[in-house]
Amino acid sequence: MSAETGLRLPEIPLRETVELVRIDLPPDQMELLLELGVLPGCQLCSVRRSPAGDPIVMVDGSLLAIRREMAGCLCVRRAESDAA
Amino acid sequence: MAARSGRSDGYPSHVDPGPGGVLEADDPRESAPLVALVGPPNSGKSTLFNRLTGLRQKVANYPGVTVEKYVGAVRLDGDRTVNVVDLPGLHGLSARSLDERVTRNVLEGRVDGLRAPDALVLIVDSTRLETQLMLAEPVLELGVPTLLVLNMADELEKRGGAVNEKMLADHLGVHVARTSARIGQGLEEVRQFLMGVADRGRLPSRPCPALAVEEKGQALPMLDTFVERRRRVQEVAQLAGFTQPSTSRLTEKLDAVFLHRVWGPLVFLVLGMLVFQAIFTWATWPMDGVEALIAGSGEWLAVHMADSWLRSLLIDGVWAGVGSVVVFLPQILVLFFFLGALEDSGYMARAAVIADRLMYRVGLQGRAFLPLLSGYACAIPAILAARTVADERDRLATIFVTPFMTCSARLPVYALLIAAFIPEQPVLPPLLGTRAAALLGLYILGALAAIVTASLLRRTLLHGRPSSFLMELPPYRVPSLRSLLLRLVDRSRIFLRRAGTIIFAVTIVLWTLTQIPQSGSGPPPVDTSVLGRMGQFIEPLIEPLGFDWQIGVGLISSLAAREVIVGTLGTLYGVQEPTEGSFALQEALRRDLDLGGAVALLVFFAFALQCMSTVAVMRRETAGWKWPALQFGYMLALAYAGAYLANWLI
């Protein structure tokens, strides 16, 4: 198990699906993420990067563009089969 | 036919039915029940609204377009009617931003002149059912009869997704309909629900249903609320046999280009050039047509009317003045056609992503890009659209710089001066000619001013860190021609109404001022008329910019609205050279202005806040005169300095 490896979303290579563990953001900035389905436990997958290098993330069939500063606040966990 | 109501005024939460609006006292519809249309951004609310009411309403394929509220009547079988109000798209009811607060107020019946809704239609994009259903729970808690509309069902099926709406209805305890509003499928079920609402009539007046207040300020309770809700939503979706559709192939392929490190920004630039080139090339023949029509009708009048003051007023004043503005309608329509197509296709959201880094550097929030972009049409809806920007400092910075974005009222002024002073030559054939390049340059100049100003503001008066950027990228969709054309009709109406009211009134006043004081034999030479003296009075002030008194009169009159200057100059030159066709405007300008003066005038218009409506809206949106006064003074100073510099350099 790699529960708390301190991995952040920008460190994950493109096309790898990971699970969101924690959001390190103040509540007022977290809320929109939550409403858009970015919740602890959800599956995230960076599908590409914007020309400026910000991740474009697929969550539940929606594409979200997230500034990399914000993506850096998303702590994630690799799928267990990969960690093994 | 129903009239659209819900106008730009309405701060903070006031729906004004307006004169001749939908809620007149003797109108049978007055007693009709009210249905509110709610849903996340980009779920197709506005499309459904248009389909139901047959009204024109701005529909765009990017989040955050509907900030004004639109009310329309839906006529049903057997002469039954319900009123429908279209609300801003929202992801939650946290009342974080101004437009979420507006939506809450409407749902809770706290809006003057608008009753609490008797039923709700909650519309969601069925291809993203799980996320979108997160909104269902707080909405259903209101306890008002609700229809859940699973929209974009055609897309869901095409991409191999599935959902059983009957099971979903059972588990949620509400009616569920399945639609594809864009192609008009499944609307019968929605109409049937509305029939039921009409038959039941209005709900008895009741205490305001209060929305659950989500725990604010504390991360954990909020997080728990969402996680819990999410679990319940997933459970329901699963029980209803929801299968997530595969990702859109088209979207992936297009994004691979439009968001490509190299191609992305390049496409962005080429599209920009294309739009400006089209404004000059596509619009040529319809402009010639409109021009011929106005000149022809003016000549017909001249022949058929006796020589009198009325003939002079009509031909030299109104025809020359209003006519010279109306000529620019085709160019404005070309601009709106492109803006509309880019919005509806989903490209604009990608453009926002490409522009975001720049926004971040100057300290603006990424969400501010969309309001700023709509500033290319008109600053007023753009300032209202900035209500989607949650942080107050972010919002103030955004609306302060919005009038720098080149609104369509500047287009007639730019187009006139460019056509008069810049010969057409290829620059980047076939993509770009000198005229389009000049126009593009002016748009860039405005955008640069906005960027520099925003950056200054964020370092001084509105100090603070820019907040995060998070934006949904909707799937690409082929824009519907019907919706595009409806929007162009709407635009033409707005433009012609302005020409028929403001510009018409200004030309009459100006013409009158050129006719006094009357000497024994008739009107004075324009130089010695009241208007001429007024212009000469301010001439010393504008002489350093390379403008003569006639331009000065134009500048003063354009304080009402920018394009008025074109009408003013049309009238002024029309009076000076009566009966000579009213479209010698370009030649007359070339006589009065040299190139330096012309460029100075263009720069002046790029920067100055010559729009009283914008000032009024700014006052309302900032609840005071401080910001509009500062904005007006700052923009005027910048305009004067910029024009002076341009005239001195050239």
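Please refer to the structure placed before this passage.
Now for a description of the structure that goes with this document. (Residues numbered from 1 in each chain as written. Chains lettered and ligands numbered in written order. Predicted model: local features only at pLDDT ≥ 70, side-chain atom pairs only at ≥ 80, totals over all residues. Heavy atoms only, no water.)

## So, the overall build of chain B
Looking only at helices and strands, chain B features 27 helices and 9 strands. Taken over 650 residues, chain B has a buried fraction of 58%. Counted over contacts in chain B with a minimum sequence separation of 6, partners at least 24 positions apart contribute 74%. Per element, the accessible surface of chain B, about 26,000 Å² overall, is 62% carbon and sulfur. (Helix = DSSP H or I, 4+ residues; strand = E, 2+ residues; numbered from the N terminus. Buried < 20%, exposed > 50% of the residue type's maximum accessible area, 1.4 Å probe, protein only. Contact = heavy atoms within 4.5 Å. Areas by Shrake-Rupley, 256 points an atom, 1.4 Å probe, with all protein chains shown as cover.)

## Describing the layout of surface pockets
All names here are of chain B. As a volume, the second largest pocket reaches approximately 1,000 Å³. What lines the second largest pocket is a set of 34 residues, and nearest its centre among them are Phe268, Phe369, Leu373, Tyr376 and Ala447. Secondary structure elements with two or more residues in the lining of the second largest pocket: helix H10 (263-281), helix H13 (329-345), helix H14 (347-362), helix H15 (369-374) and helix H19 (434-459). The greatest single-element share of the lining of the second largest pocket, amounting to 8 residues, is contributed by H14. Residues belonging to the lining of the second largest pocket are distributed by class as follows: 32 nonpolar, 1 polar and 1 charged. (1 Å grid on protein atoms, 1.4 Å probe; cavity = no way out; pocket = protein on both sides within 12 Å on 5 of 7 lines; lining within 4 Å. Points joined across faces, edges and corners; volume = space filled by probe spheres on them. Nonpolar A, V, L, I, M, F, W, Y, C, P; charged D, E, K, R; others polar.)

## Details of empty space enclosed by the protein
Counted according to the given criterion, the structure contains 11 cavities of 30 Å³ or more. One number sums up the size of the largest cavity: a volume of about 190 Å³. As for the largest cavity, its lining consists of 18 residues, and the residues nearest its centre are Met58, Gly61 and Leu63 of chain A together with Ser248 and Thr251 of chain B. Listed by contribution, the elements that provide at least two residues to the lining of the largest cavity are strand E2 (43-49) and strand E4 (62-66) of chain A together with helix H9 (249-258) of chain B.

## With respect to helix H26 (residues 612-622) of chain B
All names here are of chain B. All of the buried residues in H26 are Thr614, Val615, Val617, Met618, Glu621 and Thr622. Taken down its axis, H26 places every buried residue within 165° of arc, on the same side. On its buried face, H26 is in contact with helix H2 (98-107), helix H16 (379-385), helix H17 (392-401) and helix H27 (626-649). (Arc of directions from axis to C-beta.)

## Regarding the sheet that holds strand E5 (residues 74-78) of chain A
Taken in spatial order, the 6 strands make up an open sheet running E5(A)-E1(A)-E2(A)-E3(A)-E4(A)-E9(B), and their pairing is antiparallel. Sheet topology places E5 of chain A together with strand E9 (470-473) of chain B at the edges, where each strand pairs with a single neighbour. Sheet twist, expressed as the average angle between the axes of neighbouring strands with direction ignored, equals 40°. Alignment of strand E1 (residues 17-23) of chain A against E2 of chain A, held across 3 bridges, turns out to be antiparallel. Bridge pairing in E2 of chain A links Val18 of chain A to Leu44 of chain A. The strands touched by helix H1 (residues 27-35) of chain A are E1 and E5 of chain A together with E9 of chain B; relative to E1 of chain A, the strand with the most contacts, the crossing angle is about 145°. Most of the contacts of H14 of chain B go to E9 of chain B, to which it runs at about 150°, and overall it touches strand E3 (55-59) and E4 of chain A together with E9 of chain B. (Pairing = 2+ DSSP bridges. Axes fitted to C-alpha atoms, helices over the stretch in contact; angles between N-to-C directions.)

## As for the side chain of Arg357 of chain B
For Arg357 of chain B, the location among the structural elements is in helix H14. Of the polar contacts made by the side chain of Arg357 of chain B, one reaches the side chain of Glu69 of chain A; its length is 3.1 Å. (Polar contact = N/O pair within 3.5 Å; in protein donor to acceptor, adjacent residues only side chain to side chain.)

## Side note on unusual backbone geometry
All names here are of chain B. Of note in this structure, Asn42 is not a glycine but carries a positive phi near 70°. Inspection of the secondary structure puts Asn42 in the loop between strand E1 (34-38) and helix H1 (45-53). One non-glycine residue, Asp79, lies in the positive phi region at around 60°. In this structure, Asp79 sits in the loop between strand E2 (70-76) and strand E3 (80-86).

## Digging into the pairing of E4 of chain A
Taken across its 5 residues, E4 of chain A has 5 buried, putting it largely inside the fold. Where burial is concerned, the two faces of E4 of chain A agree: the one with Ser62, Leu64 and Ile66 of chain A and the one with Leu63 and Ala65 of chain A are both buried. As defined by bridge partners, E3 of chain A adjoins E4 of chain A across 4 bridges and the pair is classed as antiparallel. What sits directly across from Ile56 of chain A, in E4 of chain A, is Ala65 of chain A. Linking E3 of chain A to E4 of chain A, which pair antiparallel, is a turn of 2 residues; within it Asp60 of chain A sits at a positive phi near 50°. Sheet topology places E4 of chain A next to E9 of chain B; 4 bridges connect them, and they run antiparallel. Note that in E9 of chain B the partner of Ile66 of chain A across the bridge is Leu470 of chain B.

## Things to note about the packing of H13 of chain B against helix H20 (residues 481-515) of chain B
All names here are of chain B. Closest axis-to-axis distance for the H13/H20 pair is 10 Å, and the angle between their directions is 140°. Between H13 and H20 the crossing geometry is right-handed. Contact with H13, carried on its side by Leu329, Ile332, Leu333, Phe336, Phe337, Gly340, Ala341, Glu343 and Asp344, involves Ser483, Leu484, Arg487, Leu488, Arg491, Ser492, Phe495 and Leu496 of H20 and no other residues of that element. Residues of the contact of H13 with H20, tallied by class, amount to 10 nonpolar, 3 polar and 4 charged. (Left-handed = near helix turned anticlockwise from the far one by under 90°.)

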